[in-house]
Amino acid sequence: MPQEILSISDVEKSYDGVRALRGASFSLDAGEVHALMGENGAGKSTLSKIIAGAVRAGRGTLTIDGQPVVLNGPLDAQRLGISIIYQELDLFPNLTVAENLAIANHQFAEGNRVRFAELDRFAGRFLKQVGLAISPCRPVASLSIGEMQLVAIARALSMNARIIIMDEPTSSLFDDSVERLFRLIAELKSRGVAIIYVSHKMDEIFRICDRVTVMRDGSTVGTWPVAEISAADLIRKMVGREWKPGERGVREAGPILLAVSGLTTRKLRNVSFELRKGEVLGIAGLVGSGRSSLGAALIGLDAWKRGHMTLHGRPAAPDSVSKAFALGIRLLPEDRKLQGLMMQMSILENCTIADLGAMAPHGLVRRGREASAVLPFFRDLSLKRASLRAPVATLSGGNQQKVLFARCLLANPEVLFLDDPTRGIDVGAKEDIYAIIERLAQQGKGVILVSSELPELLRCCDRILVMREGEITARFDAATVTQEEIMTFATNPVAPGEPV
Amino acid sequence: MTAILKRASFLWEQSAGERRDVLLSLAALIAICLLAIAISPTAFDGSRIFLELGNLTDILRQVSVIGIISLAMTFVILTGGIDLSVGSILALSTSVVALVLTRWNPGYAQPVEIAAAMLAALAVSTAAGAFQGAVIAVFEVQPFVVTLAGMIGFRGLAKWISNNANIDIGFGRDIASTFAAIFRGKGVIIGCYIGLALIFGLLLSWTVFGRHVRATGDNERASRYAGLPIRRVKVLVYALSGLLSGVAGILYAAENHQGNPNSGIAYELDAIAAVVIGGTRLSGGKGTIVGTIVGTLMIGVLTNMLRLNNVDSNVEMMVKAVIIILAVAVQRQGRIAQ
């Protein structure tokens, strides 16, 4: 009987009223590698952070070695032997490897004076354990990503960790570094260290994990021994609810509007697709799969290394944002606050900023003309002419998104790239946005819809492309495909012989 | 009157909330004026010296040079940048205008030669600013670093072309004297400030360029996604800053009867102070020209009040420091309360 060292029951957590966790339960045995899986936003990282003491649980209990504990911060967790390695490695790039190991480490009692020899000895011991043959005096910024990963693990070991949480540790590693990591994980396991392994990659889970816990919508669905569950089952558990895509309007796709072939950029490899007039083309894929990079390339933000594009059958090159706009291609960015809105400006100004020149003869803004151009987009919104002057920050997330829709639609574009337009907005506003997408398709525009939510893609799209690691891995007819099929291609490398 | 105010509201109100900021700084200005009136020394007939027309116009004349520089500084800060080189560019401008007036004698008509000298100074100043803007925009170096280098480099250039000596502009009947006589007039200096303030106020509120300036400072990444010409905006704001430093330099040269490569030291700090007191955020995106004018006047009235009461000029600096902190802290509290 394996010995349980960590158990969590009915943990809840809300951020600003949004429930990230609604009753998660989880248990971990000594010396096991336990996978944590789920779609983006299912609550994996919140749960990891709660275990690591970085986030405080709203409700629920956490026990370590059978004793209930309260973690008031990462240092509390550290003292109990819990360590976390974040996906975006939280190392100090300008400090040396040894300094990174020793800093804020309860195992290395540092006086006021730095004793370099002792520091290097301390670091050297743990670097050896992870099999990293580098000088402890090197600055972390000079290491490769794989080496940084190992330094982060060495740091966890140096804290005497018994539980290590790894958040998508292989997402930025190449094959040989992955092998090295797996060997290290096996060794840690043999020494009784328990590892919580957060990952999307099915093959890794089946290779190195003992048990798997699936999360969905902030709850844990269940825990199974890896040997007793199939990949298809896992995907079904992650996706959960069955969704009927019946509410999509009937529409006829027109002639080909946009054709892209061999598009290669910093983040994309050989992407080809066609988009028809009046069609909604879905793009499924995990964060970082290249789905947002495709939008950046189409509006000229990312430089094209290779590839060819035609619009209405004529060659077109979106080599700058203004050029792409002139071609009639617009993007609704993924991150409303970072890439979309100017938060200190008014609703009106946010709507018109991209096309102000067109409504300002001789560069002079005509406020009346500006407001008249925008008002039609707010007919269904309870926005009055006067409130157009209110700061955009006063609007709800859904209405802010509509402001960005208005910005995109103002110049009557032909191609719209909508990058996760329903992210972080409430259910009612989502329905409004589905209606807008439907209307755009009826008007004969070409819509590309990126979404993290598969039911959304199934509901809104005619066809769905699946992307992974900068490539298109599958193409489906939205009417016949299942969520499981999409997830398979979003997470797994393509098996030979599969249709692409 | 209200109709006029409503029409003019574009000057201070791009979006709701800015009016509050401006009203707040206006209230502070009025408070300082009332204090100045209250403690003003009196003339023989019992009238307050502070309120004499001569004194009030003196305040305006004294703030004009910094005032003009701070107009363009507002644009720079709105984009999220900073321009530390304005004092050095002012010195460069005084040197160029004095050099051309005194060393260049092609024998054209007086107005032509004066115009040529001024144009030369403005061209050099604008080019200096645009160059910095180009470095900032193209190489994406922080504005602080680039204009710090500019502050050192353009000071050096000013000293080099003038052999590190003041170039006196005569008091006789020559062209240089005519130039000084024209541009040292109170009315001309104040007129320049008011005219430029109007132009820059309109530029910020009425033009596509002004909107782009605010958008760039508000969220540069979003501006890139919206296809705004960010690089052009940046080059332009620093070019404008150079241009206005050049104008300030011409007025300075006329007023002091010399081209002075050591003039304008620490002017950048006074200009930034005026902008910040006026409610413009150092992080960019929000601010108004009216606010900057109010900020400039606040410093001007304060200085005048202290001088009329024979307060030590060192104490004056300390009081200024307190005012800057107070003004910004009060605005910040107001925003939090909102």
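Conventions and cut-offs
Residues numbered from 1 in each chain as written. Chains lettered and ligands numbered in written order. Predicted model: local features only at pLDDT ≥ 70, side-chain atom pairs only at ≥ 80, totals over all residues. Helix = DSSP H or I, 4+ residues; strand = E, 2+ residues; numbered from the N terminus. Rg over C-alpha atoms; globule rule 2.2 N^0.38 Å. Buried ≥ 20, exposed ≤ 12 C-beta atoms within 10 Å, placed from the backbone. Contact = placed C-beta atoms within 7 Å. Core = buried A, V, L, I, M, F, W, Y, C linked by C-beta atoms within 7 Å. Domains from an automatic or database assignment. Pairing = 2+ DSSP bridges. pLDDT = per-residue confidence, 0-100. Nonpolar A, V, L, I, M, F, W, Y, C, P; charged D, E, K, R; others polar. Axes fitted to C-alpha atoms, helices over the stretch in contact; angles between N-to-C directions. Parallel < 35°, antiparallel > 145°, perpendicular 65-115°, else oblique. Left-handed = near helix turned anticlockwise from the far one by under 90°.

Visitor: Which parts of the structure should I look at to understand the overall build of chain A?
Guide: In terms of helices and strands, chain A carries 17 helices and 20 strands. Over its C-alpha trace chain A gives a radius of gyration of 25 Å, about what one expects of a compact globule, namely 23 Å for 500 residues. Seen along its three principal axes, the alpha-carbon backbone of chain A occupies a region of about 70 × 55 × 45 Å. In chain A, which comprises 500 residues, the proportion classed as buried is 46%. Long-range pairs, those at least 24 residues apart, make up 68% of the contacts in chain A with a sequence separation of at least 6.

Visitor: Would you explain the overall build of chain B in this entry?
Guide: Tallying secondary structure elements over chain B gives 14 helices and two strands in all. For chain B, the C-alpha radius of gyration of 20 Å lies close to 20 Å, the compact-globule estimate for 338 residues. Here the C-alpha coordinates of chain B stretch approximately 65 × 65 × 40 Å along the principal axes. Out of the 338 residues belonging to chain B, those deemed buried represent 51%. Partitioning the intrachain contacts of chain B with sequence separation of at least 6 by distance along the chain shows that 80% fall at a separation of at least 24.

Visitor: Would you mind showing me how to read the nonpolar core here?
Guide: Most often, soluble globular proteins have nonpolar side chains that are buried together. Of all hydrophobic cores here, the largest spans 247 residues; its most connected members are Leu449(A) and Ile69(B). For this core, the element with the highest residue contribution is helix α11 (residues 230-256) of chain B, accounting for 16 residues. In terms of domain composition, this core takes at least three residues from each of domain 1 (4-239) and domain 2 (245-491) of chain A. Ignoring anything within four residues of it in the chain, the contact list for Leu449(A) reads Val280(A), Leu281(A), Gly282(A), Ile283(A), Leu418(A), Ile437(A), Leu457(A), Cys460(A) and Cys461(A).

Visitor: I'm lost on the sheet that holds strand β14 (residues 306-311) of chain A in this one. Help?
Guide: Pairing between the strands of a sheet comes from backbone hydrogen bonds, and it takes one of two forms, parallel or antiparallel. All names here are of chain A. Overall, antiparallel pairing links the four strands, which are arranged β12-β11-β14-β15 in an open sheet. At either end of the open sheet lies a strand with only one pairing partner, and these are β12 (271-276) and β15 (314-315). As paired strands, strand β11 (residues 256-264) and β12 are joined by five bridges and run antiparallel to one another. The partner of Leu 258 across the bridge, within β12, is Leu 275.

Visitor: I keep staring at the confidence of the model for chain A and nothing clicks. Help me out?
Guide: Should pLDDT be low for a region, the predicted coordinates there are not to be read in detail. With 91% of its residues at a pLDDT of 70 or more, chain A has an overall mean of 85. In the predicted structure, residues 494-500 of chain A sits below a pLDDT of 50 and forms five contacts with residues beyond four places in sequence or in another chain.

Visitor: Honestly, the interface of chain B and chain A in this entry has me stumped. Any pointers?
Guide: How big an interface is tends to be stated in terms of the accessible area lost upon association of its parts. Listed per partner, the contact involves 20 residues of chain B and 27 residues of chain A. Contributing elements (two or more residues each) for the side of chain B that touches chain A: α9 (208-218) and α10 (220-225) of chain B. By residue number, the principal contributor to the side of chain B that touches chain A is α9(B), which donates six residues. Here the side of chain B that touches chain A is built from residues that sort into eight nonpolar, six polar and six charged.

Visitor: Could you clarify how one ought to interpret the pairing of strand β6 (residues 82-85) of chain A in this entry?
Guide: The side chains of a regular strand alternate between the sheet's two faces. Residue and element names in this part refer to chain A. Side-chain alternation along β6 places Ile 82 and Ile 84 on one buried face and Ser 83 and Ile 85 on a second face that is also buried. Note that β6 and strand β7 (residues 163-167) share four bridges and pair parallel. Bridge pairing in β7 places Ile 82 opposite Ile 163.

Visitor: Help me out: how do you make sense of the sheet that holds strand β10 (residues 219-225) of chain A in this one?
Guide: All names here are of chain A. Ordered by their spatial adjacency, six strands build an open sheet running β6-β7-β8-β3-β9-β10, and the pairing between neighbours is mixed. Two strands in the sheet have a free side with no partner beyond their single neighbour: β6 and β10. Adjacent strand axes in the sheet meet at a mean angle of 20° when their direction is disregarded. The pairing of strand β3 (residues 33-38) with strand β9 (residues 211-216) spans five bridges and is parallel.

Visitor: Got a minute to help me understand the domain arrangement of chain A in this structure?
Guide: Residue and element names in this part refer to chain A. Structurally, chain A comprises domain 1 (4-239) and domain 2 (245-491). Computed over C-alpha atoms, the centres of domain 1 and domain 2 are 36 Å apart. Taken together, the twelve residues of domain 1 in the interface contact ten residues of domain 2. Broken down by element, the residue count for the side of domain 1 that touches domain 2 peaks at five residues, all from helix α8 (residues 231-239).

Visitor: It is not clear to me how the packing of helix α3 (residues 53-78) of chain B against helix α8 (residues 186-206) of chain B should be interpreted in this structure. Could you clarify?
Guide: To characterise two packed helices, one gives the angle between the axes of the helices and the distance between these axes. Residues and elements named next belong to chain B. One can describe the packing of α3 onto α8 by two numbers: an axis separation of 9 Å at closest approach and a directional angle of 30°. With respect to α8, the axis of α3 lies roughly parallel. Two packed elements cross with a definite hand, and for α3 against α8 that hand is left-handed. Taking contact as the criterion, the partners of Thr 57, Leu 60, Arg 61, Ser 64, Gly 67, Ile 68, Leu 71 and Phe 75 in α3 are, on α8, Lys 186, Ile 189, Ile 190, Cys 192, Tyr 193, Leu 196, Ala 197, Phe 200 and Leu 204. Its residues assigned to classes, the contact of α3 with α8 comprises twelve nonpolar, three polar and two charged.

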